[in-house]
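# Notes for the structure review
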Amino acid sequence: MNDKHNHNHTSDHEHENEHNHSQSNDGNNDHEHHHDHGDHEDHEDHGHDHSDHDHSGHDHSHHGHDHGDMLNDFKKRFYISLILTIPILILSPMIQDFIGVDWRFPYDMYILFGLSTIVFFYGGWPFLTGAKDELKQKNPGMMTLIGLAILVAYGYSSLVVFGWSGKNFFWELATLIDIMLLGHWIEMKSVMGASNALDELVKLMPNEAHRLKENGETEDVEVSELSSGDKVLVKPGEKIPVDGIITEGKSAIDESMLTGESLPVEKNEQDEVIGGSVNQEGSLTIEVKNTGDDTYLSKVVTLVKEAQESKSKTQDLANRAAKWLFYLALTAGITTLVIWLALGYAFDVALERMVTVMVITCPHALGLAAPLVTAVSTAISAKKGLLIRNRTNFEGARQLNAVVFDKTGTLTEGEFGVTNIIPLGSNEENEVLRWAASAEQNSEHPLAAGVLNEAEKREIKLKKVSDFESMTGKGLKGTVEGKEVLVVSPGYVQAQSYEYDKEEFQRLAEEGKTVVFVLLDGDLIGMIAMADMVRDSAKEAISELKEMGIHPIMLTGDHQKVADWVANQLGIEEVYAEVLPHDKSDQIKKIKEKGWKVAMTGDGVNDAPALATADLGIAIGSGTDVAMETADVVLVKSNPKDVVSIMELSKKTYRKMVQNLWWAAGYNIFAIPLAAGALAFMGIVLSPAVGAVLMSLSTVIVAINAKLLKA
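Being a predicted model, the structure only gives us computed values, none of them experimental. (Residues numbered from 1 in each chain as written. Predicted model: local features only at pLDDT ≥ 70, side-chain atom pairs only at ≥ 80, totals over all residues. Heavy atoms only, no water.)

The next thing to look at is the overall build of the protein. Check the secondary structure of the protein and you find 25 helices and 22 strands. Counting every position in the protein, which comprises 711 residues, the buried fraction comes to 57%. A separation of at least 24 residues holds for 72% of the contacts in the protein among residues at least 6 apart in sequence. Element-wise, carbon and sulfur atoms account for 54% of the exposed surface of the protein, whose accessible area totals about 28,900 Å². (Helix = DSSP H or I, 4+ residues; strand = E, 2+ residues; numbered from the N terminus. Buried < 20%, exposed > 50% of the residue type's maximum accessible area, 1.4 Å probe, protein only. Contact = heavy atoms within 4.5 Å. Areas by Shrake-Rupley, 256 points an atom, 1.4 Å probe, with all protein chains shown as cover.)

As C-alpha cells, then:
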C-alpha cells in the first residue's frame, strides 16, 4: 500500500478495466503486490498491544468535543469571576484608600471573604488542579505559579479577616484569577482541539461485512466476528472490511483514503486488499487474512498512538518562564520572611512582606503575554492558510534543521499530466494528441483526464467519438471521423509486434513515466508519456528552504526511479524510496538521532505515524482526514511554500513572546525587591496600591506589543 502509484504492476491487467493503460515498464513481473502493499508480517514482531483499540466499541481519550467543553468552561468561569470581582474591588480597603473613599460598614469584610471564597474555588479551580498535576509530574509551570499565588493570597487574606493583623489581598486574588482565566480562554479559542487522529482512523473501517456461508448465501455480521479464512462478499461502492486476498472477481480499488493516492488500483484474483479501501466496480469475494488488531489500519493506529505518547512533553515558552518564576517566588518569599524576622520585626509584619512578594511574583501580564501573541499569530496564520493545531511544536519550528516531504500529493499534484508526446512518422505532436484525446472523451480514467487536460491547454478542438469501447487489460478504442483510434498499453503494442523507438520508450520508463501508444486505423502514430506532475510551488519551496540552510529530504512509497525523477526536477539530493508506512516513522527517528529537529510533510494515512513522530507534523489540506488530525499544522491551500511561511511565522511569534515575557517579568524584577523591602531603610516600601498600578501598566504594554506582531 505504500507504493503510491503502483508503478510496474505485475501485468497488463493492472490498470482500470475501462481504460487499462499499462505502466511503462509493463511485463516486468518482478514487482509483486505483497511489496506494494507493505508486507503485513513485517509488523508482527513489534509486540504492540492494541488491547484498547477494539474496533467494535472505540473509546479514545481525546475527542474534539471535550476541547469545546473546556473552552466553554473557561469562558463561563471567567465571566462569573469577573462579575464577582466588581464588588470585591469596591469592598477592598486597599482600593478604597487608593481612591480616597471610605465605604466601610459592619461585617463588610465577611461579605468580601464570602465573595472571594467563591472566586477562589470556582475561578481558581482549574489552576489548583493543574498545579497538582504539574507537581505530581515534578514539572512546575504556569499552573503551579498561579496556584501558589492564589493559595497564598487567599490563605493570608482569610487570616486577616478573622483577626490576624495585616492587609487582605482579595482584590489581587480576584484580578489575578480573572486575567489568567481570560488568557487561557483566549489561547484555547485560538488553537484547535487535541488530535482526533485515532478516531478518524477508526472511522475508516466499516462495522459490518457480508459473510459467505457454505451454501453460497450471505449473512451480515459485525466485522469483529470475522476470523481468518472466512469469505466475505464486497459489492461495488462498499468499503473492504478486512485485510485479505481476492478469491473471486476483479475490480478497481480506491486506496486514496489510505495512501493519499488519486489513482485507483486494478486488482485481480490472488491480489491483496486492505481494509478501509473502497471497491469501485465489480463484486469481489475476499478471503479474510487479518482481522482486528492485525489489520493494516490497526497497526497504523498503534504507530500513531505510540508516536504521540512518546513525543517529549516539551513545555512552551510561557510555561518555562512560569517555572522559573515559581522557584523565584518560593525563594524570594522565604528569604524575605527570614530577613525581616532576623531584623527583629514582628512575625505578622514579616509574613505580610512575604505574602506581598509571593503574590507579586506571579505577574498578571504573564497570563496574557503568551495567549495574546498566540491569538494574533493564529489569526495571521489562518489568513495565510496555515491551521495551527499544536502551539508548542509550532513554536519549535524556528529551530528546524530538515524538512521531510512525502512525494505524491505533497510535492506533486497527485494527478497525471502529459510530460512528453513522441510522434512517429510524419505526424505532429498536436495531431497525435487530437486523435488520442478525441477517443478518450468518454473515459473517466485518471490517465484519460491527463490527456484531455493537455488537449485543453493546447486549445485543441476535439472530434466526436462513436463506438467507444474499453479493451480489458489493453486500453480503449473508438471511432473518430470514421477512423478507428486505439489508445493502448505497451503490452498490447509488444504483443502485436509493432515497431517503435525502444530506446526512447526505455528512457521514459526509467523516469517512472506511464507510456500509452496511439494507433490510427492500425498504424502506430505516436507515444504519450505521463507522470504525476510536480507542483511549481514545490520547486520554490525547496530552493527557499535550501537558502535558509534547511535540508530537504524526500520520503516516498513510490519506486526509486519515479522518486529520483521528481527529486531531480526539484533539486532534492536525499531521497528514500519504496518506504513502507511503518518504516516512514523509523526513518524520521533516524534523522532525529543526528540531533536534528525535523518536520514531516505528508497527506496520506501512511504518513500519519511519521507526522506524529516528527518534531513538527505538517499535513497538506487536500490530504486525508487522518493526516490532518495527526499533524501539528495543516496547510489549507496545499501549497508546499507554506512550509517556509510556518518557519518564518514561528520565528516572529517566538521573538514577540520573548519580548512580552520580558515586559511581564520586567515588572517583577522591579517590584519584587521593593515589595521585599530592599529600600525599607530609606522608608520606601512598595505599597500594594502602587504594585497594582505597575501591574496594570505591564498588562497594557503586553497587550499592545502582541498586537504589533506582523506577518
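So much for the structure itself; the text now carries on.
Okay, the packing of helix α4 (residues 108-136) against helix α6 (residues 170-190) next. Look at α4 against α6: their axes get within 10 Å of each other, and the N-to-C directions meet at 30°. Classed by the angle they form, the pair α4 and α6 counts as roughly parallel. In the crossing of α4 with α6, the sense of the turn from one axis to the other is left-handed. On the side of α4, the interface is formed by L112, F113, S116, V119, F120, G123, G124, P126 and F127, while α6 contributes F170, L173, A174, I177, M180, L181 and H184. For the contact of α4 with α6, the class distribution of residues is 12 nonpolar, 4 polar and no charged. (Axes fitted to C-alpha atoms, helices over the stretch in contact; angles between N-to-C directions. Parallel < 35°, antiparallel > 145°, perpendicular 65-115°, else oblique. Left-handed = near helix turned anticlockwise from the far one by under 90°. Nonpolar A, V, L, I, M, F, W, Y, C, P; charged D, E, K, R; others polar.)

Further remarks concern a nonpolar patch on the surface. Taken together, the side chains of I86, I90, F98, I99, W103 and V693 present a nonpolar region at the surface, about 600 Å² in accessible area. Among the secondary structure elements, those contributing two or more residues to the nonpolar patch are α2 (64-91) and α3 (93-99). Inspection of the secondary structure puts V693 in helix α25 (residues 688-707). Under the relative-accessibility criterion, V693 is labelled partly exposed at 42%. (Patch = residues over 30% accessible without salt bridge, like charges linked within 9 Å, V, L, I, M, F, W, Y side chains within 5 Å. Salt bridge = Lys/Arg side-chain N within 4 Å of Asp/Glu carboxyl O.)

Let's shift gears to the sheet that holds strand β11 (residues 402-406). If you walk across this open sheet you meet the 7 strands as β10-β22-β21-β20-β11-β18-β19, and the pairing is mixed. Of all the strands in the sheet, just β10 (386-388) and β19 (574-576) have a single pairing partner and so form its edges. Between one strand axis and the next, the sheet turns through 20° on average, direction left out of account. The pairing of β11 with strand β18 (residues 551-555) spans 5 bridges and is classified as parallel. (Pairing = 2+ DSSP bridges.)

For helix α12 (residues 364-383), spanning 20 residues, the distance from its first C-alpha to its last is 30 Å, which sits close to the expected 28 Å at 1.5 Å a residue. Judged by how many residues are buried, α12 sits mostly within the fold: 16 of 20 residues are covered. Remark: G385 follows α12 within two positions and exhibits a positive phi of approximately 85°. (Expected span 1.5 Å × (residues − 1).)

As annotated in UniProt, the feature "transmembrane region" (unreviewed entry) corresponds to residues 78-95, 107-128, 140-163, 169-186, 324-343, 355-382, 661-684 and 690-709 in the numbering used here. Taken end to end, residues 78-95 comprises 94% helix and 0% strand; its first and last C-alpha atoms sit 22 Å apart. (UniProt positions renumbered as here; feature names shortened; annotations may be inferred.)

Turning to α6, a few remarks are in order. The end-to-end C-alpha separation of α6 is 30 Å, in line with the 30 Å expected for 21 residues at 1.5 Å each. Among the 21 residues that make up α6, 18 are buried, leaving the element largely enclosed by the rest of the structure.

A separate point is the sheet that holds strand β4 (residues 243-248). By definition, the strands of a sheet pair up through backbone hydrogen bonds, in either a parallel or an antiparallel sense. With antiparallel pairing, the 6 strands of this open sheet are ordered in space as β2-β1-β3-β9-β4-β7. Edge positions in the sheet fall to β2 (218-222) and β7 (272-273), since each has one partner strand and no second.

Turning to the packing of aromatic side chains, a few remarks are in order. By the definition in use, this model includes 20 aromatic pairs. Ring plane angle 40° and centroid distance 5.9 Å describe the contact between F505 and F517, whose orientation is recorded as tilted. Separated by 12 residues along the polypeptide, F505 in helix α18 (residues 502-510) and F517 in strand β16 (residues 514-520) bring together distant segments of the chain. Side by side, F505 and F517 carry an identical accessibility label, which is buried. Aromatic rings pair up to connect Y107, Y110, F113, F120, F121, Y154, F162 and F170 into one cluster. (Phe/Tyr/Trp six-rings, centres within 6.5 Å; stacked < 30°, edge-to-face > 60°.)

In the structure shown here, the tally under the stated rule is 22 salt bridges. D73 is paired through a salt bridge with R77; the nearest N and O atoms lie 3.0 Å apart. Here D73 and its partner R77 are both found in helix α2, 4 residues apart, which amounts to about one turn of the helix. Here R77 falls in the buried class, since its relative accessible area comes to 13%. Between R434 and E431 there is a salt bridge whose closest N-O contact spans 3.9 Å. Of this pair, R434 and E431 both sit in helix α15 (residues 429-440), 3 residues apart, which is roughly one turn of the helix. On the basis of relative accessible area, E431 is assigned to the partly exposed category, the value being 29%. Salt bridges here are not isolated pairs; linked through shared partners, they connect E429, E454, K457 and R458.

Let's shift gears to a negative patch on the surface. Among the surface-exposed residues, D467, E469, E484, D521 and D523 lie close enough to one another that they form a single negatively charged patch. Within the secondary structure layout, E484 lies in strand β15 (residues 483-488). (Lys, Arg positive; Asp, Glu negative; His and termini not counted. Charge placed at Lys NZ, Arg CZ, Asp CG, Glu CD.)

Below, the discussion takes up the confidence of the model for the protein. Of all residues in the protein, 84% attain a pLDDT of 70 or more, and the chain-wide mean is 81. Highest mean pLDDT in the protein belongs to α4 (96); lowest belongs to helix α1 (residues 33-36) (36). This model gives residues 1-64 a pLDDT under 50, and the stretch forms 209 contacts once residues within four places in sequence are excluded. (pLDDT = per-residue confidence, 0-100.)

Take L452: it is sitting in helix α16 (residues 446-457). C-alpha separation for the pair L452 and G417, spaced 35 residues apart in sequence, amounts to 9.2 Å. Sequence-distant contacts of L452, that is, excluding residues within four places in its chain, are made with A437, E440, Q441 and L462.

What follows concerns the packing of helix α10 (residues 317-342) against helix α11 (residues 347-360). Where α10 meets α11, the closest approach of the two axes is 8 Å, and the angle between their N-to-C directions is 160°. Between α10 and α11, the angle falls in the class roughly antiparallel. Judged by the twist between their axes, the crossing of α10 over α11 is right-handed. Side by side, α10 and α11 meet where A329, L330, A332, G333, T336, L337, W340 and L341 of the first sit next to F347, V349, A350, L351, R353, M354, V357 and M358 of the second. Here the contact of α10 with α11 is built from residues that sort into 13 nonpolar, 2 polar and 1 charged.

A word on the pairing of strand β3 (residues 231-234). Here β3 shows a buried face lined by V232 and V234 and an unburied face lined by K231 and L233. Looking at chain direction, strand β1 (residues 208-212) and β3 are connected through 2 bridges and run antiparallel. The residue of β3 that forms the bridge with H210 is L233.

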